[in-house]
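Coordinate analysis (summary)
Here are the chains, one letter per residue:
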Amino acid sequence: MRSFYRPALERHRRLIAEVEVGSREAASLPRDLLGLLAACADPAWGEDDDLGLRETIVTLNATLDTSSVILVQALAEAFTWLEDHPHDGALLADPDFLNRLVRETLRLHPTNTAFFRRVAEDVRLESGRSLRAGEMVAIRVGIASRDESVYGADANEFNPWRTVPPRAYDYGLAFGSGAHKCLGLPLIIGAGGRDGSHVHLLSMLFAHGIQLDPDRPPRRPSDLDRDMYESFPVLLRQTSGLVDELAGHQIAGP
Ligand code: HEM
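All values reported here derive from a predicted model rather than from experimental measurement. (Residues numbered from 1 in each chain as written. Predicted model: local features only at pLDDT ≥ 70, side-chain atom pairs only at ≥ 80, totals over all residues. Heavy atoms only, no water.)

**Thoughts on the coordination of the iron atom of the ligand**
Inclusion rule: Sites may look incomplete, because water is not among the atoms used; the donor set itself consists of N, O and S atoms within 2.8 Å of the metal (3.2 Å for Na, K and Ca). Each helix is a run of H or I in the DSSP string that is no shorter than four residues. Each strand is a run of E no shorter than two, and both are numbered from the N terminus.
Within the protein, a single donor atom binds the iron atom of the ligand, namely Cys182 (SG) at 2.2 Å. If you trace the backbone, Cys182 turns up in the loop between α6 (148–151) and α7 (185–189).

Below is the structure:
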């Protein structure tokens, strides 16, 4: 808060003040979340600094925490899958296979436990269950994404070759659904299904010979009830060029 958030917000306010007195071009203002908050782009935000702090935390959590957790989960699932299906090791540069790894990982390891929604009007669901206006409901992502009637009798198992019925998402409810479905989805799994950030990252890591560190097994958090790793040590058999590749990496957008 004191080291990063507050100085950044103050800097944005200073820049905006410079535009107001005519010593800076409006076009040179940074176009980012803090800029919008400092400019009070929506008058309803007022001067509430905590709002900006909360939005910053939510944004970091929604974009970076989710992505990094899923990348590690995908590696963990891939290592286990390849132990039992070594012939698929030949596909580690194949974007279609890597994309399947990522989607199946998302299905089994949703980063949200549940979506909470308030019922807008009385409704009867396809299942026959009735909900009354004003009630709060929790849509349990992990349960829905492992529904055997949709994903098959082996829904609890990891299988990148899984096929799903036409109306179902192969990545389960990992990105939500409907009006608030994740805006970052095309970044992660790609617009055409093959060019997402995680396919690129996995492809680079496998090309550089990533493997689990045999001396330091992965560790789950001991004090947090969350499906993630606290520590996931890996070795890269071939490191030359990796840093340059990551630094110059362009993520394909929608
Ligand atoms: C693996 C990575 C990600 C996962 C699993 C994920 C998951 C989700 C989920 C489940 C929601 C819907 C929440 C709800 O309906 O209540 C959501 C919303 C959203 N996500 Fe993501 N997300 C990921 C990455 C990203 C990235 C990289 C960005 C932006 C660069 C992003 C931007 C958003 C935004 C802006 C919303 C809100 C959409 C709205 O409310 O209209 N997400 N995400």
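**Comments concerning the site of the ligand**
For clarity, the cut-off: Any residue with a non-hydrogen atom lying within 4 Å of a molecule or strand is treated as near it. Any pair of nitrogen or oxygen atoms within 3.5 Å is treated as a polar contact; in protein, a donor-acceptor pairing is required on top of that, and neighbouring residues in sequence qualify only through side-chain atoms on both sides.
If you check the shell around the ligand, you find 21 residues, and the closest are Thr63, Arg117, Ala174, His180 and Cys182. Take Arg117: an N or O atom from its side chain is 2.7 Å from an oxygen atom of the ligand. With respect to the ligand, the side chain of His180 contributes an N or O atom lying 2.7 Å from an oxygen atom. At the level of elements, α3 (49–84), β1 (114–118) and α7 are the ones that each hand at least two residues to the shell around the ligand. Residue contributions to the shell around the ligand peak at five residues, all from α3.

**Details of the side chain of Ser67**
The line we're drawing: Only protein chains enter the accessibility calculation, which uses a 1.4 Å probe; a residue whose area is less than 20% of its type maximum is buried, one above 50% is exposed, and one in between is partly exposed. Should any heavy atoms of two residues lie within 4.5 Å, those residues are counted as being in contact.
Looking at the secondary structure, you find Ser67 in helix α3. You can call Ser67 buried: its relative accessible area is 18%. Of note is the side chain of Ser67, whose polar atom sits 2.4 Å from the backbone oxygen of Thr63. Residues within four places of Ser67 in sequence aside, it is in contact with Ile188 and His198.

**A look at the pattern of salt bridges**
Just so we agree on the cut-off: The salt bridge criterion pairs a side-chain nitrogen of Lys or Arg with a carboxyl oxygen of Asp or Glu, the two atoms within 4 Å.
For the structure on display, the rule yields eleven salt bridges. Of the charged contacts, one joins Arg24 and Glu18 as a salt bridge, the two residues approaching to 2.9 Å between their closest N and O atoms. Here Asp170 and Arg103 are joined by a salt bridge, their closest N and O atoms 2.8 Å apart. Of this pair, Asp170 sits in the loop between α6 and α7 while Arg103 sits in helix α4 (residues 95–108), and the two are 67 residues apart along the sequence.

**Section: helix α8 (residues 197–207)**
Along α8, the residues that are buried comprise Ser197, His198, Val199, Leu202, Met204, Leu205 and Phe206. Residue Gly209 follows α8 closely and has a positive phi angle near 75 degrees.

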